[in-house]
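# Analysis of the macromolecular model
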Amino acid sequence: MPNQSSSDTGSDKTFSLRQGRNMLAIPGPSVMPETVLAAMGRPVQNIYSGEVEELSFSLVADLPRIVRTEGEAFVAISNGHGAWEMAIGNTLSRGDKVLVVDSGRFGLLWGAMCETMGVAVEFVPSPSPRHPFDAAVLADRLAADPTHEIRAVLVAHVDTATGVRCDLFAIRAAIDASNHPAMLFVDGIASVGCERYEMDAVGADVTVAASQKGLMAPPGLGFVWASEKALAARERADLVTPFWDWVPRRSGGPHYLLFSGTPPVSHLYAMRVALDLIEQEGLEHVWRRHEVLASAVRAAVDTWSTEGGLELAIVDPDGRSNAVTGVLTGSIDSLELQRRCDDGANLTLGIGMGDAADFAFRIGHMGHLNPPMVLGTLGTLESVLLSMGIPLGGSGVAAAAAVIGQALAEPAV
Ligand SMILES: *Cc1c(COP(=O)(O)O)cnc(C)c1O
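Rules of the game
- All residue numbers here refer to positions counted from 1 along the written sequence of the relevant chain.
- Given that the model is predicted, a residue must reach a pLDDT of at least 70 before its local features are reported, and side-chain atom pairs must reach 80 or more before they are shown or counted; all residues, however, enter totals for whole chains, interfaces and linings.
- As a convention, hydrogens and water are excluded, and side-chain values are obtained from all of the structure's heavy atoms.
- Being paired, for any two strands, means DSSP has found at least two bridges between them.
- Elements are defined by DSSP. Helices are runs of H or I of four residues or more, strands are runs of E of two residues or more, and each kind is numbered from the N terminus.
- Interaxial angles span 0 to 180 degrees and are taken between N-to-C directions of axes, which are lines fitted to C-alpha atoms, for helices over the stretch in contact.
- Working rule for contacts: check all heavy atoms of both residues, and any pair within 4.5 Å makes them a contact.
- The term salt bridge refers to a side-chain nitrogen of Lys or Arg lying within 4 Å of a carboxyl oxygen of Asp or Glu.
- Burial status follows relative accessibility: with a 1.4 Å probe on protein chains alone, a residue under 20% of its type maximum counts as buried, one over 50% as exposed, and anything between as partly exposed.
- Think of it this way: one heavy atom of a residue within 4 Å of a molecule or strand is enough to make that residue near it.
- Definition of a polar contact: a pair of N or O atoms within 3.5 Å, with one able to donate and the other able to accept a hydrogen when the atoms are protein atoms, and with sequence-neighbouring residues admitted only if both atoms are side-chain atoms.
- Note that accessible areas follow from Shrake-Rupley with a 1.4 Å probe, and for residues the cover is restricted to the protein chains shown.
- Residues were grouped as follows: Ala, Val, Leu, Ile, Met, Phe, Trp, Tyr, Cys and Pro as nonpolar; Asp, Glu, Lys and Arg as charged; and all remaining residues, including Gly, as polar.
- When two cysteine sulfur atoms are found within 2.5 Å, that pair is recorded as a disulfide.
- A helix is expected to span 1.5 Å multiplied by its residue count minus one.
- Directions are taken from the helix axis to each C-beta atom, and the arc is the one they span.
- Pairing of aromatic side chains here covers Phe, Tyr and the six-membered ring of Trp, requires ring centres within 6.5 Å, and sorts the geometry by plane angle: under 30 degrees stacked, over 60 edge-to-face, intermediate tilted.
- Distance and angle both matter: a charge sits over a ring if NZ of Lys or CZ of Arg is within 6 Å of the ring centre and within 35 degrees of the ring normal.
- With its strands directed away from the observer, a crossover is right-handed exactly when the path from the first strand over the helix to the second travels clockwise.

The mixed open sheet is built from seven strands, whose spatial order is β2-β10-β9-β8-β5-β3-β4. Each edge of the open sheet is held by one strand with a lone partner, namely β2 (72-77) and β4 (120-125). Averaged over all neighbouring strand pairs, the angle between strand axes comes to 20 degrees, with direction disregarded. Sheet topology note: the strand β3 (residues 97-102)/strand β5 (residues 150-156) ladder contains four bridges and is parallel. Note that in β5 the partner of leucine 99 across the bridge is valine 153. Helix-sheet contacts for helix α2 (residues 51-66) involve β2 and β10 (221-226), and the interaxial angle to β2 is about 115 degrees.

Below, the structure is given as structure tokens:
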């Protein structure tokens, strides 16, 4: 029996609406499906043969389908940063030069990591943080490299700091137009499992992802997919250290070599369930679901917009990601807004990043999401905005419901 003290009357407690389940609307880690969570609770089995071995090989075999490549997949026991390092280490050498697309925070961080590892980095600027990268700038820069000093172009497909999405086909076309042999490395950490991303169609040589965003699994696994050209680059790369090395991992030896040691069994159980969920839904449908739900979020923010108030961070409709939406808050204190959502209503929003961090927030909409979760998020946000007396252009929830209603009315495909 709980003790029946005077505290049960509630008189010394503060009323709050934050009971029930937390809605985690940050751009990763994302909400995990119950079946994925339950899979983590399975006992770890013998790692030397049998089920765990089959599991490891099945994941490595199935992962290429998620990014539509004929290339090879590597699983790093790491977060996205580890996958970044695995990609660089296995393909580049000290003194090599790379171009890094400055799409915002994550492109810059990947570039900074290259620099620390001894690679010469040149950042190619975006026109502004509110617009996607202009591939024409890249074409000009590559054309000015007749000796092909530049080994690779690095780009974040979606930069999670603002929700900007760059046009990978335009970037590939810029490389091809200058007849440049540079490899294309894509950070798909925020986009794989959310945005349409077809590695071979884009002509990417390396794709990097992590388990905790669109792939609906716990943080702790990094993924790198490598094209034949990237695999061949390993032969001359001198930056790699033993743990990250692709060579033993793809040697065909015992499956623990895939992980440079003991497999992360519980994570592999979870990842297997998550991949199966994606396959059952169908990748095209996964992408379409994200598009519909993201359109609903954008419609809500657009409708809330007022002069000096909220607005979408990315100006160009084509440059807005289906995985995360950046919102600028004008003169409204976004930390206060975020605190009220969390403390008052159990809705966790992503904080602003970069220079305007105090006047920006982010809504993550990646992975295991449906209309009740997204409309619940938007409805809660609208309630909090109203509670703060913030003037709104209209009901964003109504606009979002209309978008989702339209999608629900479409014939099933
Ligand atoms: C989250 C994220 C990262 C960093 O991933 P970690 O798992 O935190 O290391 C890198 N790039 C992008 C685009 C991301 O969204």
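Now for the pattern of salt bridges. Under the criterion given, the structure shown has 26 salt bridges. We note a salt bridge from glutamate 284 to arginine 68, for which the minimum N-O separation is 3.1 Å. Of this pair, glutamate 284 sits in helix α11 (residues 283-304) while arginine 68 sits in the loop between α2 and β2, and the two are 216 residues apart along the sequence. With relative accessibility at 35%, the residue glutamate 284 sits in the partly exposed group.

A word on unusual backbone geometry. Residue proline 29 is bonded to the preceding glycine 28 through a cis peptide linkage, with omega at -5 degrees. Tracing the backbone shows proline 29 in the loop between β1 (23-25) and α1 (34-40). Even without being a glycine, asparagine 179 presents a positive backbone phi close to 50 degrees. With respect to the secondary-structure elements, asparagine 179 resides in the loop between α6 (168-177) and β8 (183-187). Given the relative accessible area of 67%, asparagine 179 is considered exposed.

A few words on the site of the ligand. Inspection of the region around the ligand gives Asn79, Gly80, His81, Trp84, Phe106, Val158, Thr160, Asp187, Ile189, Ala190, Gln212 and Lys213 as its neighbouring residues. One of the backbone nitrogen or oxygen atoms of glycine 80 is found 2.7 Å away from an oxygen atom of the ligand. Within the side chain of aspartate 187, an N or O atom sits 2.7 Å from a nitrogen atom of the ligand. When the ligand is considered free in solution it has 380 Å² of accessible area, and contact with the protein chains removes 90% of it. Here the shell around the ligand gets three residues from one element, more than from any other, and that element is helix α3 (residues 80-91). Split by residue class, the shell around the ligand holds five nonpolar, five polar and two charged.

Before going further, it helps to spend a moment on the side chain of histidine 157. On the secondary structure map, histidine 157 appears in the loop between β5 and β6 (158-159). A polar contact of 2.9 Å, which involves the side chain of histidine 157, links it to the side chain of serine 191.

Here we come to the environment of glycine 309. Relative to the helices and strands, glycine 309 is located in the loop between α11 and β11 (311-312). Put simply, glycine 309 and leucine 392 are 83 residues apart on the chain and 7.8 Å apart in space, counted from C-alpha to C-alpha. If sequence neighbours within four positions are ignored, glycine 309 has contacts with Leu328, Thr329, Gly330 and Ile332.

Take the state of the cysteines next. Two cysteines, two sulfur atoms, one covalent bond between them: this is a disulfide. For the structure shown, the criterion picks out zero disulfides. Considering cysteine sulfurs only, cysteine 166 is the nearest to cysteine 114, which forms no disulfide, with 16 Å between them. No disulfide involves cysteine 194; its nearest neighbouring cysteine sulfur is the one of cysteine 166, lying 15 Å away.

Tracing the backbone shows glycine 308 in the loop between α11 and β11. Along the sequence, glycine 308 and isoleucine 332 sit 24 residues apart, while their C-alpha atoms lie 8.5 Å from each other. Apart from residues lying up to four places away in sequence, glycine 308 is in contact with Thr329, Gly330 and Ser331.

Moving on, we get to helix α12 (residues 334-345). Here α12 is 12 residues long and its end C-alpha atoms lie 16 Å apart, about the 16 Å a rise of 1.5 Å per residue gives. Burial in α12 covers these residues: Ser334, Leu337, Gln338 and Cys341. Here the buried residues of α12 occupy an arc of 95 degrees about the axis, which is enough to place them on one side. By the N-cap criterion, in which a side-chain oxygen at the helix start approaches the backbone nitrogen of a residue two or three places on, α12 is capped by aspartate 333, the distance to leucine 335 being 2.9 Å.

The tally for this structure, following the rule as stated, stands at four aromatic pairs. Their ring planes at 5 degrees and their centres at 4.7 Å tell us that phenylalanine 74 and tryptophan 246 sit as a pair that is stacked. With phenylalanine 74 in strand β2 and tryptophan 246 in helix α9 (residues 246-249), this pair connects stretches of sequence that are 172 residues apart. Ring centres of phenylalanine 243 and tryptophan 244 lie 5.0 Å apart, and the angle between their planes is 85 degrees; on these two criteria the pair is classed as edge-to-face. Just above the ring of tyrosine 269 sits the side chain of arginine 42; from NZ or CZ to the centre is 4.1 Å. Lying over the aromatic face of phenylalanine 106, lysine 213 brings its terminal NZ or CZ to 5.7 Å of the ring centre.

Across the six residues of β3, five count as buried, placing the element largely inside the fold. Pairing geometry for β3 and β4, over six bridges, is parallel. Bridging across to β4, valine 101 finds its partner in valine 124. In the classification by handedness, the crossover that spans β3, the intervening helix α4 (residues 105-117) and the parallel β4 is right-handed.

Without other data, these values stay purely geometric and don't point to any function.
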